[in-house]
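Listed below, chain by chain, are the residues.
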Amino acid sequence: MDIAELTLPLAPMIINGVVFVTSPYPPVLRALDGTTGQPLWDSGKTIPGVASGGLSGGSSQIYLSTQDGTIYAFGFPIEH
């Protein structure tokens, strides 16, 4: 899925040069290269339901909550 296909996207978050974006429904978290915009990863069908609030995170974790109160945490490697 292309970034232009996001429905009502939530505010993006940038961590270590990676742009994380999602939309409330269907909630697929996407990671994009901050320089080129190229897709790096997406969560696929891991997150059921409807995303609520926004993205949060830092260092090597990103969090997304859903309307049923579940918080999803995704880790990613950082260069040292």
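Look up a bit, the structure's there.
Worth saying up front: this structure is predicted, and the values here are computed from it rather than measured.

1. Examining the side chain of Thr 66
Now for step 1: Among the structural elements, Thr 66 can be located in strand 6 (residues 61–66).
Now for step 2: Apart from the residues lying within four places of it in its own chain, the contact partners of Thr 66 are Ile 47, Pro 48, Val 50, Ala 51, Ser 52 and Tyr 72.

2. Focus: the sheet that holds strand 7 (residues 71–75)
Now for step 1: In space, the 3 strands of this open sheet follow the order 5-6-7, with antiparallel pairing throughout. The open sheet has two edge strands, strand 5 (51–58) and strand 7, and neither has a second partner. Adjacent strand axes in the sheet meet at a mean angle of 15° when their direction is disregarded.
Now for step 2: In this structure, strand 5 lies alongside strand 6, joined through 5 bridges in antiparallel fashion. Each bridged residue has a counterpart across the sheet, and for Ala 51 the counterpart in strand 6 is Thr 66.

3. So, the nonpolar core
Now for step 1: With 14 residues, the main nonpolar core has Phe 20, Leu 29, Ile 47, Leu 55, Ile 62, Leu 64 and Phe 74 as its most contacted residues.
Now for step 2: Excluding residues that lie within four positions of it along the chain, Phe 74 makes contacts with Leu 29, Trp 41, Ser 43, Thr 46, Ile 47, Ser 60, Gln 61 and Ile 62.

4. Some thoughts on the pairing of strand 3 (residues 30–33)
Now for step 1: The pairing of strand 2 (residues 18–21) with strand 3 spans 4 bridges and is antiparallel. Note that in strand 3 the partner of Phe 20 across the bridge is Ala 31.
Now for step 2: Of the pairings in the sheet, the one linking strand 3 to strand 4 (residues 39–42) comprises 3 bridges and is antiparallel in character. Pairing of Ala 31 across the sheet is with Trp 41, part of strand 4.
Now for step 3: In textbook terms, the turn of a hairpin is the stretch between consecutive antiparallel strands, and for strand 3 and strand 4 this stretch comprises 5 residues, one of which, Gly 37, has a positive phi near 80°.

Here is what the cut-offs are and how they apply
Residues numbered from 1 in each chain as written. Predicted model: local features only at pLDDT ≥ 70, side-chain atom pairs only at ≥ 80, totals over all residues. Heavy atoms only, no water. Helix = DSSP H or I, 4+ residues; strand = E, 2+ residues; numbered from the N terminus. Contact = heavy atoms within 4.5 Å. Pairing = 2+ DSSP bridges. Axes fitted to C-alpha atoms, helices over the stretch in contact; angles between N-to-C directions. Core = buried A, V, L, I, M, F, W, Y, C linked by side-chain atoms within 4.5 Å. Buried < 20%, exposed > 50% of the residue type's maximum accessible area, 1.4 Å probe, protein only.

Spatial relationships are all this shows, so hold off on functional conclusions.
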